[in-house]
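Take a look at the letters that make up each chain.
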Amino acid sequence: MIDVTIHNFEEEVVAASMTTPVLIDFWAPWCGPCKSLGPILEKVEVAYGGRFKLVKIDSDQEQQLGAAFGIKSIPTCILMINGQPVDGFAGALPEGKVKEFLDKHLPQADELPPEEDAPAPEDMDPAAVLEKLQEAVATDPANDNARFDYIRLLLQHGQVAHAQAAFAPVADKAAGVRKFEALRHWFNAIETGATHADLARAQADFDAKLLANKRDFETRYALAQLHMSQQHWVPAMDELLEILMRDKSWNEELARKTFVSILEIIEPPKVKVADGQIPPDDPTVATYRRRLSSVVLS
C-alpha cells in the first residue's frame, strides 16, 4: 500500500497500471467506514501476492484527484488498468465481496507471466537475441513474454511473415493479453500501410484532409497507422493524442487502446540496477505516458 498525491499520481497509478492493475482507495481520516475497509484492502493485497497494487488517496487533501474521478462519497475504490479506470465500488464491502470484485478483472495467479524469461538486456546482438527467443518459445510455447519479445524483434527487422506465423498460435488471446493486443494493433497498421504504394503521397493526402477538417478522426487514425507501419512511433502517438484531445471515446476508445499498445511495443527492457534502486524510465515512454494521463484526466 502506498499513499498517492497529485505529485506522484502519474508514476504510482497511471504508469504502474500499464503493467499491474492498481486499486485506488479514496478515503479520509474522519471516515468511519474507511477505517474498516482499509485493513481489508491491505489484507487482500498481501493475499493476492502481486496480482494488483493498492494505493490510497486522501480525498480531503487531494480534491483535484477526487474531482477527476467524480468521487461523490467515501470510501470509494477505483480499479485502473492500462492507465484507465475500468470499474469501481463505493462503501465498506466485506472481504469476500472485495475479492469477488477483483476476481472479475485480475489475472489468476497461475496466469501471471514469469519475471525472468527473456534474454539478458546486455546481449545486444540481434541475431543472438532472436535465436534465444526462438528457442525459448519452442521450449515453452506458453511463455507469453518470450513470444511477445520474439515477434516484436521480428517485426522490428521487417520479418513480417515469420512474425505472423509466430503470432498465429496466440491470436485468439489478443483481446485478453495486453502484449498480444499491442502486436495485433501493429499487424493491423502494417497491413494498412501495405495498401499505399507511395507512402509520401499517402501522407500528403492525409495531411491535406486534416488541414480541411481537424476532426476527421478516420483520416487521423489512418495517418497514425501509416506512421506505425514505418515504426515512426512518436508521430503516431501525436496523431492519436490529437484524437483523444477532441473525443476520448471515439470508436470505442480505439485511439487510447492503440496509444497504449505503442507504449507497450516501444518500452525497452528494464536495465539491471543495484538492490533498492529503481530502474530509469525510457524518456520517450515516460513523456508520452504523462501526456496520455494529462489528456485522459482532463
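Residues numbered from 1 in each chain as written. Predicted model: local features only at pLDDT ≥ 70, side-chain atom pairs only at ≥ 80, totals over all residues. Heavy atoms only, no water.

A. Spatial organisation of helix α7 (residues 160-167). Of all the residues in α7, the buried ones are Ala163, Ala166 and Phe167. All buried residues of α7 fall inside an arc of 100° around its axis, so they share one side. What points out from α7, more than 90 degrees from its buried face, is the exposed set Ala161, His162 and Ala165. The secondary structure elements touched by the buried residues of α7 are α6 (144-156) and α8 (178-193). (Buried < 20%, exposed > 50% of the residue type's maximum accessible area, 1.4 Å probe, protein only. Helix = DSSP H or I, 4+ residues; strand = E, 2+ residues; numbered from the N terminus. Arc of directions from axis to C-beta. Contact = heavy atoms within 4.5 Å.)

B. The sheet that holds strand β1 (residues 2-3), seen in detail. Taking strand neighbours across the sheet as the criterion, the five strands line up as β1-β3-β2-β4-β5 in an open arrangement whose pairing is mixed. Each end of this open sheet is capped by a strand with a single partner; those strands are β1 and β5 (84-90). The pairing of β1 with strand β3 (residues 53-58) spans two bridges and is classified as parallel. Note on β3: the bridge partner recorded for Asp3 is Lys56. Its contacts with the sheet put helix α2 (residues 32-47) on β2 (22-27), β3, β4 (76-81) and β5, and the angle it makes with β3 is roughly 160°. (Pairing = 2+ DSSP bridges. Axes fitted to C-alpha atoms, helices over the stretch in contact; angles between N-to-C directions.)

C. Quick look at the state of the cysteines. Summed over all chains, the structure comprises one disulfide. What pairs with Cys31 in a disulfide is Cys34, and their sulfur atoms sit 2.4 Å apart. On the sign convention where negative means left-handed, the S-S torsion of about 80° between Cys31 and Cys34 marks this disulfide as right-handed. When its relative accessible area of 4% is taken as the criterion, Cys34 is described as buried. Cys77 forms no disulfide, and the closest cysteine sulfur to it belongs to Cys34, at a distance of 8.8 Å. Take Cys77: its relative accessible area is 0%, and that puts it in the buried class. (Disulfide = S-S within 2.5 Å.)

D. Looking closely at the environment of Pro85. Here Pro85 shows up in strand β5. A residue is classified by how much of its surface remains accessible, and Pro85, at 41% relative accessible area, is partly exposed. Along the chain, Pro85 and Ile24 lie 61 residues apart, while their C-alpha atoms are 9.6 Å from each other.

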